Every structure is written in C-alpha cells, then in structure tokens.
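Letter by letter, the chains look like this.
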Amino acid sequence: MTDLAEFARLIAGDHGLCVVSTSRADGTIQSSLINAGVLAHPDSGEPVVGMVLRGGTRKLANLRVRPRMSVVVRVGWEWRTVEGNVWIVGPDDPVAGIDGERLRVLLREVFTAAGGTHDDWDEYDRVMAEDRRAVVLVIPDRVYGNG
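Keep in mind it's a predicted model, so treat the numbers as computed, not measured. (Residues numbered from 1 in each chain as written. Predicted model: local features only at pLDDT ≥ 70, side-chain atom pairs only at ≥ 80, totals over all residues. Heavy atoms only, no water.)

Details of the overall build of the chain
Spelled out, the test is: Helix and strand labels come from DSSP, where a helix needs a run of H or I of at least four residues and a strand needs a run of E of at least two; each type is numbered from the N terminus. Any residue under 20% of the maximum accessible area for its type is buried, any over 50% is exposed, and the rest in between are partly exposed; the area is computed with a 1.4 Å probe on protein chains only. When checking whether two residues touch, look at their non-hydrogen atoms; a contact exists if any pair is within 4.5 Å. To measure how exposed things are, a 1.4 Å probe is used in the Shrake-Rupley method; for residues, cover is taken only from the protein chains shown. Counted charges follow a simple rule, with Lys and Arg positive, Asp and Glu negative, and His plus the chain ends left uncounted. The atom standing in for a charge is NZ when the residue is Lys, CZ when it is Arg, CG when it is Asp and CD when it is Glu.
Per the secondary structure count, the chain includes 4 helices and 7 strands. Taking all 147 residues of the chain together, 41% fall into the buried category. Restricting to contacts in the chain with at least 6 residues of sequence separation, those with at least 24 account for 65%. Of the roughly 7600 Å² that the chain leaves accessible, carbon and sulfur atoms contribute 53%. Charge centroids of the chain, computed over 17 positive and 21 negative side chains, lie 7 Å from each other.

So this is what it looks like as structure tokens:
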C-alpha cells in the first residue's frame, strides 16, 4: 500500500521531523534527522515525501549512488515509514524541465509542505542557493506503520 494520508497526518504532529536512512557503499545504514512533508511530484502529480538537503552532505552522496531511502515519522507511539526510490533535483543534480526559477519555487514548496514558514523569502532563496540545496522526493512503493 502506498497511501500517504496517515504519514501526512503525522507530519503535522512534530514539525515535520523525520528520520531518514540511506545506504552507504559498504552496505551499512546511515540515518539522520530532517524535516519532510507530503506534496505532489512536479512531473507526475502523485503524492511523494519531500525534503530539502544541503549540498555536500553524506545523505545526498549516498542517494546519488544508491537512490533509495526510508523515511520514518512518529508522534508518541504512532509511526509510519515510507520506502522508495528517490528523485533528486538541485544545482548539482539538474533535471530536464526544471530550470533555476522552477527549482527556487520547488524548494519553497517542499519547505512549506514540511510545515516551514519564513519571514523573508528572498533570504531563504539566497541561503538555499548558497548551500547548493537539493530537493529529494521519495516515490513511495511501501508505506507501513502501526495504529
């Protein structure tokens, strides 16, 4: 089952905080904490889990080579996991049809889907460009949890 409704409901419970896991070259797991949200994929329109990752991170390097991840959200004892292949777009990961302006808007869309707000969007855009931030979308092929 790949319905993201319960995952999206839980996202609102703790500021979009999720644990993501990627696979290292030696087969071990690398996990970290990020903010994520549910939004429509810019190509397909299907619901996906999105996050913004800083350029140069180990997560992003892992995903470029092994483009699959799991994302876990929890509120109290209730949790959901989404697993799937990833779609990456950013200054170091160009995608046909996504120009600089569309990337700028997409970075904002992912941020707001994760519950983010900002008082100065121009400053937000500047930092995203300076940090070479990339959008990572998890295309769900497995969704599971409790409750």
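Continuing now.
A closer look at the nonpolar core
As a reminder, the rule being used: By nonpolar core is meant a set of buried Ala, Val, Leu, Ile, Met, Phe, Trp, Tyr and Cys residues that side-chain atoms within 4.5 Å join together.
Counting 23 residues, the largest nonpolar core has Phe7, Val49, Met51, Met69, Val71 and Val136 as the members making the most contacts within it. Looking at this core, the elements with two or more residues in it are α1 (5–11), β1 (17–23), β4 (47–53), α2 (58–65), β5 (68–75), β6 (78–89) and β7 (134–145). No other element matches β7, which puts 4 residues into this core. Look past the residues within four positions of Met51 in its chain and what remains in contact with it is Val20, Ile34, Asn35, Ala36, Met69, Val71, Val110, Ala134, Val135, Val136 and Val138. In terms of nonpolar packing, the next biggest core, distinct from the first, is built from 14 residues, Leu39, Val52, Val89 and Val135 among them.

Side note on helix α4 (residues 121–130)
Keep this limit in mind: Each direction from the helix axis to a C-beta atom contributes to the arc, which is the arc of those directions. Here a polar contact is taken to be a pair of N or O atoms separated by no more than 3.5 Å, where protein atoms must pair a possible hydrogen donor with a possible acceptor and residues adjacent in sequence count only if both atoms sit in side chains.
Taken as a whole, α4 has its buried residues at Tyr124, Asp125 and Met128. For α4, the angular spread of buried residues about the axis comes to 95°, placing them on one side. Exposed side of α4, more than 90 degrees from the buried face: Asp122 and Glu130 are the residues found there. Buried residues along α4 sit in contact with β4 and α3 (100–113). One side-chain oxygen at the N-terminal end of α4 lies 3.2 Å from the backbone nitrogen of Asp122; it belongs to Asp120. Following α4 by one or two positions, Arg132 adopts a phi angle in the positive range, close to 55°.

Section: the sheet that holds strand β2 (residues 29–35)
Counted only if it meets this: At least two bridges found by DSSP between two strands is the condition for calling them paired. Between N-to-C directions, angles span 0 to 180 degrees; the directions come from axes that are lines fitted to C-alpha atoms, helices contributing only their stretch in contact.
Strand order across the open sheet formed by 7 strands is β2-β1-β5-β6-β7-β4-β3, with antiparallel pairing between neighbours. Across the chains shown, the open sheet's two edge strands, defined by having one partner strand only, are β2 and β3 (37–40). Across the sheet, the mean angle from the axis of one strand to that of its neighbour is 40°, orientation sign disregarded.

Comments concerning the environment of Leu10
Relative to the helices and strands, Leu10 resides in helix α1. Remark: the alpha-carbon pair of Leu10 and Arg80, spanning 70 residues in sequence, is separated by 7.9 Å. Once you skip the residues sitting within four places of it in the chain, Leu10 turns out to touch Val73, Val75, Glu78, Trp79 and Arg80.

Some points on the pairing of β2
Residues in a regular strand point their side chains to alternate faces of the sheet. Only one face of β2 is covered, namely the one carrying Gln30, Ser32 and Ile34; the face carrying Ile29, Ser31, Leu33 and Asn35 has none of its residues buried. Relative to β2, β1 is paired through 7 bridges, and the arrangement is antiparallel. Within β2, the residue paired with Val19 across the bridge is Leu33. Connecting β1 to the next strand, β2, in antiparallel fashion are 5 residues, including Gly27 with a positive phi near 90°.

Concerning the pairing of β1
With 4 bridges connecting them, β1 and β5 associate as antiparallel partners. Among the inter-strand pairings, Cys18 is bridged to a residue of β5, identified as Val73.

Some points on the packing of aromatic side chains
Put simply, the test is: Only the six-membered ring of Trp is used, alongside the rings of Phe and Tyr, when aromatic pairs are assigned; centres must lie within 6.5 Å, and planes under 30 degrees apart are stacked while those over 60 apart are edge-to-face, with the rest tilted.
Scanning the entire structure with this criterion turns up 4 aromatic pairs. Seen from their ring centres, Phe111 and Tyr124 are 4.8 Å apart, and the 40° between their planes marks the pair as tilted. Pair noted here: Phe111 is in helix α3 and Tyr124 is in helix α4, with a separation of 13 residues, a long-range link. In this structure Phe111 comes out as partly exposed when scored by relative accessible area, which is 24%.

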